[in-house]
Amino acid sequence: MGSQEGEEEREFSGVEPLDCGGGGYNDLGVSTAESQAVVSSAYRAPFAAGGAVAIDEATCERLLSVALSKGGDYADLFFEYRASGGLSFEEGILRSASRGVSVGVGVRVQKGDATGYAYVEDLEFDAMKRAAETAARIADGGTPIAPVRLERRDVPERYRLDQPTIDVAGAEKRDLLERASKAVLAFDSRIIKASASFVEEVREILIATSDGRFVRDFQPMLRFGIGAVAEKSGKRESGRSGGGGRMTLGYFSGKSPEDHARIAAQQALVLLDARPAPAGQMEVLLAPGDSGILLHEAVGHGLEADFNRKKTSNYTDQIGQVVASELCTVVDDATLLQSRGSINVDDEGLTPERSVLIENGVLRGYMQDRLSSKHFGVTPTGNGRRESFAAAPLPRMTNTVLLAGPHDPEEMLRSVKRGIYAKTFGGGQVDISNGDFVFSLTESYLIEDGKITAPLKGVNLIGNGPETLRDVSELGRDVALSDGNWTCGKDGQSVPVGVGCPTIKIAKITVGGTEV
């Protein structure tokens, strides 16, 4: 789940609150106001209005009729166009620059709990028809039903843009990377290497469903990162910082390349003097923002409805029961303006809002896609997401956040006699069926007599997600989002997500280290 093999991939670190600016604010301190959509001037989907193979309602209705021709209960079409790019800067030069484009359509047909899926990269009608015929075979006979007449649906605008970064000249983005690289190398004579990257994309989608939805969305994304390597007496350590979201280059007005460079350099230098981690059960204080990845992994996946439909989650059949400390309220919120995990519409054509998963310690519901919501007899929550047109949607998180509590973070620190301060998380593994987890910490410190003292290395947190939430003894007022760093993997599919939390005090958790 926190590995390079497709689960949680943490490219860069950062725990500061995401300041999106403007609009009305919720209790995350992040704007949920509507924004004005802007499309790319250079990259447009061929299936968009006026495109080379413009797709309209009539074409979709014909294809949906084919998809339902064998007796399926429901069908949908997912058109996707994606243009992406990347720059990497190292040793004073631009090492690489890339551009890529993909386009295609996926056709899904459902019959009961069974799903037929086919996709094609050719948008000629005959090719799309063959894909619809293939997906339709999941239904073995039965009376065909006609799709509902399609109606265009408006969606909220949660990505406030003047210009997507992919339309900005490469030289301007190269300058950002060079600034960060120079700032890292100038920070301290022990810094021997800097590497910076900039990744961007625009994703344009069109969804047509047999129950009458016809929805379009344009989804921009950027991610910036800077790494530093420090050396002392033959010992080397690294640090990283970065961030982004569904934003313009205006992101750097709030957090400059030099700000990220300072964080990366300081982390590398701190680790040069880190001491071996203690071992055993200890109090742990989790830093705000980035620590939300523990919540995402150890608790969030277990609240995705498909695991509960299949009865493989630790939270199966527990709605209405106490599953956490009464301090804990957990939400999945796709509305946060410009956040990495925010979406205007999910990949089934539904508009997600804020879903309360756990309220004051009581389990209130799961994250639902269309299939699972039908099983549970509830309304879908708009959490049906997919990596691309080549994959069927699954219940997935967007921005999963543990909301603020009543406690002062400084007083929380002073209350810890001996423990661990977990600042930045690395990788980890979680067993969804029981919630057991192991997480490594990239940056952590020893707490002694209420003060942060020595930096530590080799720290692992070992525990159980539900038990850890029950052991939350104090919750800070300082809720924050991680700064656009995380990609979530599930069943071979990766999607961008956000995580967040306040400072969290856990009464006891097993710390894996080398000193007893």
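This text gives an overview of the structure that appears in the document. (Residues numbered from 1 in each chain as written. Predicted model: local features only at pLDDT ≥ 70, side-chain atom pairs only at ≥ 80, totals over all residues. Heavy atoms only, no water.)

**As for the packing of aromatic side chains**
Rule in force here: Each pair of aromatic rings taken from Phe, Tyr and Trp, with Trp reduced to its six-membered ring, is defined by centres within 6.5 Å and is described as stacked if the planes are under 30 degrees apart, edge-to-face if over 60, and tilted in the remaining cases. Helix and strand assignments come from DSSP, with helices taken as H or I runs of at least 4 residues and strands as E runs of at least 2, each series counted from the N terminus. Think of it in three bands: residues with accessible area under 20% of the maximum for their type are buried, residues over 50% are exposed, and the middle band is partly exposed, with areas taken using a 1.4 Å probe on protein chains only.
Counted under the stated rule, the structure contains seven aromatic pairs. Centre to centre, the rings of Tyr119 and Phe389 are 5.8 Å apart; their planes meet at 65°, and the pair counts as edge-to-face. Of the two residues, Tyr119 sits in strand β4 (residues 114–120) while Phe389 sits in the loop between β14 (384–385) and β15 (394–395), which places them 270 residues apart along the sequence. Of the residues examined, Tyr119 reaches a relative accessible area of 45% and is grouped as partly exposed. Accessibility expressed as a relative area gives 5% for Phe389, which makes it buried. When the ring of Phe224 is compared with that of Phe252, the centres are 5.2 Å apart and the planes differ by 85°; the resulting orientation is edge-to-face. Taken together, the positions of Phe224 in strand β7 (residues 213–232) and Phe252 in helix α4 (residues 251–254) put the pair 28 residues apart, joining distant regions of the chain.

**Let's talk about the packing of helix α3 (residues 170–187) against helix α5 (residues 257–272)**
Short version of the rule: Axes here mean lines fitted to C-alpha atoms, for a helix over just the part in contact, with angles spanning 0 to 180 degrees between N-to-C directions. In this scheme the crossing of two helices becomes right-handed for a clockwise turn of the near helix relative to the far one and left-handed for an anticlockwise turn of less than a right angle. Throughout, a residue-residue contact means that at least one pair of heavy atoms, one from each residue, lies within 4.5 Å. Side-chain classes are defined by residue name, with Ala, Val, Leu, Ile, Met, Phe, Trp, Tyr, Cys and Pro counting as nonpolar, Asp, Glu, Lys and Arg as charged, and the others, Gly among them, as polar.
Viewed as axis vectors pointing N to C, α3 and α5 meet at an angle of 35°, and their least axial separation amounts to 8 Å. As for the relative orientation of α3 and α5, their crossing is right-handed in sense. Packed against α3, whose contacting residues are Leu176, Arg179, Ala180, Ala183, Val184 and Phe187, the element α5 presents Pro257, Glu258, Ala261, Arg262, Ala265, Gln266 and Leu269 at the interface. Considering only residue class, the contact of α3 with α5 consists of nine nonpolar, one polar and three charged.

**Overview of the nonpolar core**
As a rule of thumb, nonpolar side chains are buried together in soluble globular proteins. Under the convention used in this document: Among buried residues, those of type Ala, Val, Leu, Ile, Met, Phe, Trp, Tyr and Cys that are joined through side-chain atoms within 4.5 Å constitute a nonpolar core.
With 49 residues, the main nonpolar core has Leu303, Ile358, Ile420, Phe425 and Leu461 as its most contacted residues. No other element matches the five residues that helix α6 (residues 292–300) contributes to this core. Core analysis: the next-biggest nonpolar cluster, separate from the first, contains 34 residues, Ala48, Leu123, Phe214 and Phe218 among them.

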